[in-house]
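Tertiary structure, described
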Amino acid sequence: MVDILLVDDETYVTESLALTIPWQEIGVHGVYQAASAAEALEVLMMRHIDILVTDIRMPEQTGLELIEQAKDRWPRLKTVLLTGYSDFEYAQRAIKLRAGDYLLKPVDDDAFIRCISSQVKVLTEERKRMEEEQSQQYARKSEQAVLRSQLMQELLLGRRRPDALLNRLLQQYELGFRVDQACTLLTVQLAGRFMEMDRPSIELIEYAIGNIAEETFRDPYLVWHSSSSQDHVVILLALREGVASSYSSKEMMKRLCESLQQKVMSYLDGEISIVASDWFSFPEQLSKHYREALTTLYRIRLDEPKLVMMDELSLMQLSSHSALEELHKPPTFINLLESGQWQAAKDKLDAFFISSEQHTREKLYEAFIAISNGLIYVASKMGVDLHSIDPQGVNLLLDRSIMLTATHLRAWSNEMLDLLSIQYDESDSYHKKHIIKQVQELVSKELGVDTSVKTIADRVYLHPVYLSKLYKQETGESLGDYIIRIRMEKAVYMLKHTNKKIYEITTELGYQNPQYFSKVFRRYYGCTPNEYRDQ
């Protein structure tokens, strides 16, 4: 709705307009009055006014001066001048400068209604255009966030794009980074009470940590933050052009990392561990430094958050991860599992174990983490419960014999691959059916204002576009049409079996506008809700 302010030192003019014009019919909600320019400015500061109607001749300050000041403060304000015949040419010139329209006094009601209706129409079109632009911008940013995250995952896993393509993607995603740029990587692990949270809550915390990191580092650095598939937050930093080289010093980085830890404690009431890498060439050495950070974080207790600067670790600690290189060389172990290349995955494990026969128990544990993470991740994507295949194999508290020697770990790994490969062909169809069932249950139980393709997709942890495509493939009906159909079926039931009013049914079904609900209902059943109830 639109609010209007009427300004004239002859108060009978504004009072007459306020009383005689059918404001609601022409889309005006609030009507305010002022007897001077000064009083009008006070109303404008106190209220959100959409249309200003002012007399051109007033004592102390003219209507033109009022419009000039108002337009400077509120550029989107629509303005209309009231003028007598003696000021007609003056008013025409004023319209070309600042005013939107003019009306001759004495004001004719019909002319006034046409003028204000025209301004309301312009406002409505502007608002609709702004809403569309904001919606497009939100969709673009949401899609961009997904694409940024996917690109980061690829780079962390060691997947390389051609330099020209990578530079183009970095520019397209508005990241500011470039190939061969000097970067440092912060790998963040949740600690303390965060570890007691469920998965959706942890995802929110990770997102919040990324935003806090952006605020902490963005002045001297380019910042790119993302969650990793290993349940960490990764923050890539590069010095902005023209920033002093002192910001690349270890002391400065340590101070800013400590600030990040303190802010997370203050704002989120929780603790984090951070591993800060040395400076390296992006993206060539990104995967290597990320793996070193994971190795370090595996040795940090979750109840003892720490800040670790990688250049402060001993050479022995830095080189201890070298045996895992074989698992992470492209195509990585996880890549092979995701694509169902079971024999190639076995060959990669064989190459790894040949190079790691002399590893200590600690190194075998690291290998177990890397292998089991891959198995659990892929099993989850397949919709397979890994514990149902081997209840003890992924739980070291139940069976620590896996870690006795490299031979034991090798035998267990090959056995798990064989078991998982058997489930692979059967799980794809089951997984899709499980998602469809889950979606339909959510729609049926939680039908309301917030029920949409996006909110349902968020609940099942899938991208809205992918979920819509999957649902259409499996059911032959789009998810949006299914939501509307369920709403209509529920509407029919309530119309026939309850005494609820139409506006109550509208609200319960998630529609904010009874007229729109009636329109959708008529499209489905050929009559209005009231007509259907009376049948």
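Reference entry: report on the structure contained in this document. (Residues numbered from 1 in each chain as written. Predicted model: local features only at pLDDT ≥ 70, side-chain atom pairs only at ≥ 80, totals over all residues. Heavy atoms only, no water.)

Quick notes on the layout of surface pockets
Over the atoms, a rolled probe matching the size of one water molecule traces out where space is still vacant. The condition that has to hold: Only protein atoms enter the calculation, which uses a 1 Å grid: trapped sets of points that fit a 1.4 Å probe without letting it out are cavities, open sets showing protein on both sides within 12 Å along at least five of seven lines are pockets, and any residue with an atom within 4 Å of a point is a lining residue. Grid points are joined across faces, edges and corners, and a volume is the space filled by probe spheres set on the points. Only DSSP runs of H or I covering at least 4 residues are called helices, and only runs of E covering at least 2 are called strands; the numbering of each starts at the N terminus. Under the convention adopted here, Pro, Cys and the residues Ala, Val, Leu, Ile, Met, Phe, Trp and Tyr are nonpolar, Asp, Glu, Lys and Arg are charged, and Gly plus all remaining residues are polar.
Here the second largest pocket is characterised by a volume of approximately 240 Å³. What lines the second largest pocket is a set of 13 residues, among which His-48, Ile-49, Asp-50, Arg-76 and Leu-77 lie closest to the centre. A total of four residues in the lining of the second largest pocket trace back to one element, the largest contributor, which is helix α5 (residues 109-156). For the lining of the second largest pocket, a count of residues per class yields seven nonpolar, one polar and five charged.

Some points on the packing of helix α7 (residues 199-217) against helix α8 (residues 250-268)
For clarity, the threshold we go by: In this analysis an axis means a line fitted to C-alpha atoms, helices contributing only their contacting stretch, and an angle means the value between N-to-C directions, from 0 to 180 degrees. Throughout, the term roughly parallel applies to angles under 35 degrees, roughly antiparallel to angles over 145, roughly perpendicular to angles from 65 to 115, and oblique to all others. Note: crossing handedness is left-handed where the near helix turns anticlockwise from the far helix by less than a right angle, and right-handed where it turns clockwise. Two residues qualify as a contact provided that any one of their heavy atoms is within 4.5 Å of a heavy atom in the partner residue.
The contact between α7 and α8 brings their axes to 10 Å, and the two run at 135 degrees. By the angle between their directions, the pair α7 and α8 is classed as oblique. Of the two elements, α7 crosses α8, and the hand of that crossing is right-handed. Along the contact surface, α7 presents Ile-205, Ala-208, Ile-209, Ile-212, Ala-213, Thr-216 and Phe-217, while α8 presents Met-253, Leu-256, Cys-257, Ser-259, Leu-260, Lys-263, Val-264, Tyr-267 and Leu-268. When the residues that make up the contact of α7 with α8 are grouped by side-chain class, the tally is 13 nonpolar, two polar and one charged.

Considering the packing of helix α19 (residues 479-497) against helix α21 (residues 514-525)
Remark: α19 packs on α21, axes separated minimally by 11 Å, with the N-to-C direction vectors making an angle of 95 degrees. Relative to α21, α19 is oriented roughly perpendicular. Only Phe-517, Val-520, Phe-521, Tyr-524 and Tyr-525 of α21 make contact with α19, whose side of the interface consists of Asp-481, Ile-484, Arg-485, Met-488, Glu-489, Ala-491, Val-492 and Leu-495.

Some details on the pairing of strand β3 (residues 51-55)
The two faces of a sheet get side chains in turn, since along a regular strand they alternate between them. The following threshold applies: Each residue's exposure class comes from its accessible area (1.4 Å probe, protein chains only) as a fraction of the maximum for that residue type: buried when under 20%, exposed when over 50%, partly exposed otherwise. For two strands to pair, DSSP has to find at least two bridges joining them. Crossover handedness is defined here as right-handed if the route from the first strand over the helix to the second strand goes clockwise, with the strands pointing away from the viewer.
For β3, the tally of buried residues reaches five of five residues, placing the bulk of the element in the interior. Every second residue of β3 is oriented toward a common face, with Ile-51, Val-53 and Asp-55 on one face and Leu-52 and Thr-54 on the other, all of them buried. In this sheet, strand β4 (residues 78-83) lies alongside β3 in parallel orientation, the contact comprising five bridges. Looking across to β4, one finds that Thr-54 is bridged to Leu-81. Each parallel crossover has a hand, and the one from β3 via helix α3 (residues 63-73) to β4 is right-handed.

Thoughts on the environment of Gly-448
Among the structural elements, Gly-448 can be located in the loop between α16 (406-445) and α17 (453-459). Looking at Gly-448, the relative accessible area reads 12%, which means it is buried. Between the alpha carbons of Gly-448 and Glu-508 there is a distance of 6.2 Å; along the sequence they are 60 residues apart. Among residues more than four places away in sequence, those in contact with Gly-448 are Arg-487, Glu-508, Leu-509 and Gly-510.

With respect to the sheet that holds strand β2 (residues 28-34)
Remark on secondary structure: sheet strands pair via backbone hydrogen bonds, oriented parallel or antiparallel. The strand order across the open sheet formed by five strands is β2-β1-β3-β4-β5, and the pairing between neighbours is parallel. Each end of this open sheet is capped by a strand with a single partner; those strands are β2 and β5 (101-104). Here the average twist between neighbouring strands, direction ignored, is 20 degrees. Judged from the six bridges that link them, strand β1 (residues 2-7) and β2 form a sheet pairing that is parallel. What sits directly across from Val-7, in β2, is Ala-34. Sheet strands in contact with α3 are β1, β3 and β4, and its direction is about 155 degrees off that of β3.

What about the side chain of Ser-413?
Secondary-structure assignment places Ser-413 in helix α16. Ser-413 has contacts with Leu-349, Phe-353 and Ile-371, leaving out every residue within four places of it along the chain.

Points about helix α18 (residues 464-475)
The following threshold applies: The length a helix should cover is 1.5 Å for every residue beyond the first. Regarding the arc, it is the one traced by the directions from the helix axis to the C-beta atoms.
Taking 1.5 Å per residue as the helical rise, α18 with its 12 residues ought to reach 16 Å, and the 16 Å between its terminal C-alpha atoms agrees with that figure. Those residues of α18 not exposed but buried are Leu-467, Leu-470 and Tyr-471. The buried residues of α18 occupy an angular sector of 100 degrees when projected down its axis, which confines them to one face. What points out from α18, more than 90 degrees from its buried face, is the exposed set Val-465, Lys-469 and Gln-473. Backbone geometry just after α18 places Gly-476 at a positive phi near 80 degrees.

Focus on the nonpolar core
Across soluble globular proteins, you tend to see nonpolar side chains buried next to one another. Just so we agree on the cut-off: Nine residue types can take part in a nonpolar core, namely buried Ala, Val, Leu, Ile, Met, Phe, Trp, Tyr and Cys, and a core is a set of them joined through side-chain atoms within 4.5 Å.
Grouped together as the largest cluster of nonpolar side chains are 30 residues, with contacts concentrated most on Val-439, Val-443, Leu-467, Leu-479, Leu-509, Phe-517 and Phe-521. The set of elements that each furnish at least two residues to this core consists of α16, α17, α18, α19, α20 (502-508) and α21. Per element, the largest residue contribution to this core is nine residues, and it comes from α19. Discounting residues that sit within four places of it in the chain, Phe-517 has contacts with Met-488, Ala-491, Ile-502, Ile-505, Thr-506, Leu-509, Tyr-511 and Pro-529.

Looking at the environment of Pro-283
Along the chain, Pro-283 falls in the loop between β10 (280-281) and α9 (286-298). With a relative accessible area of 5%, Pro-283 lands in the buried category. Residue contacts for Pro-283: discarding those within four places in its chain leaves Leu-155, Arg-160, Leu-166, Val-179 and Asp-180.

Section: unusual backbone geometry
A cis amide bond links Lys-105 with the next residue in sequence, Pro-106, at an omega value of 0 degrees. Structurally, Pro-106 can be placed in the loop between β5 and α5. The omega torsion of the bond from Phe-282 to Pro-283 falls at -5 degrees, within 30 degrees of zero and hence cis. Unlike most non-glycine residues, Asp-180 shows phi in positive territory, near 70 degrees. With respect to the secondary-structure elements, Asp-180 resides in the loop between α6 (163-172) and β6 (182-191).

Structural notes on the packing of aromatic side chains
Applicable threshold: The criterion for an aromatic pair is that two Phe, Tyr or Trp rings (for Trp, the six-membered ring) have centres within 6.5 Å, with stacked assigned to planes under 30 degrees apart, edge-to-face to planes over 60 apart and tilted to the rest.
If you walk through the whole model with that rule in mind, you get 14 aromatic pairs. Both rings, one in Phe-521 and one in Tyr-525, keep their centres 4.8 Å apart while their planes meet at 40 degrees; by these two values the pair is tilted. Of this pair, Phe-521 and Tyr-525 are both found in helix α21, four residues apart, which corresponds to roughly one turn of the helix. With relative accessibility at 0%, the residue Phe-521 sits in the buried group. Taking the centre distance of 5.6 Å and the plane angle of 80 degrees together, the rings of Phe-521 and Tyr-532 count as edge-to-face. Note that Phe-521 is positioned in helix α21 and Tyr-532 in helix α22 (residues 529-534), a separation of 11 residues in sequence.

Describing the pattern of salt bridges
Convention followed: Here, a salt bridge means any Lys or Arg side-chain nitrogen found within 4 Å of an Asp or Glu carboxyl oxygen.
Counted according to the given criterion, the structure contains 16 salt bridges. The salt bridge partner of Arg-160 is Glu-284, with a shortest N-O separation of 2.7 Å. Taken as a pair, Arg-160 in the loop between α5 and α6 and Glu-284 in the loop between β10 and α9 lie far apart in primary sequence, 124 residues in all. A relative accessible area of 38% means that Arg-160 is categorised as partly exposed.

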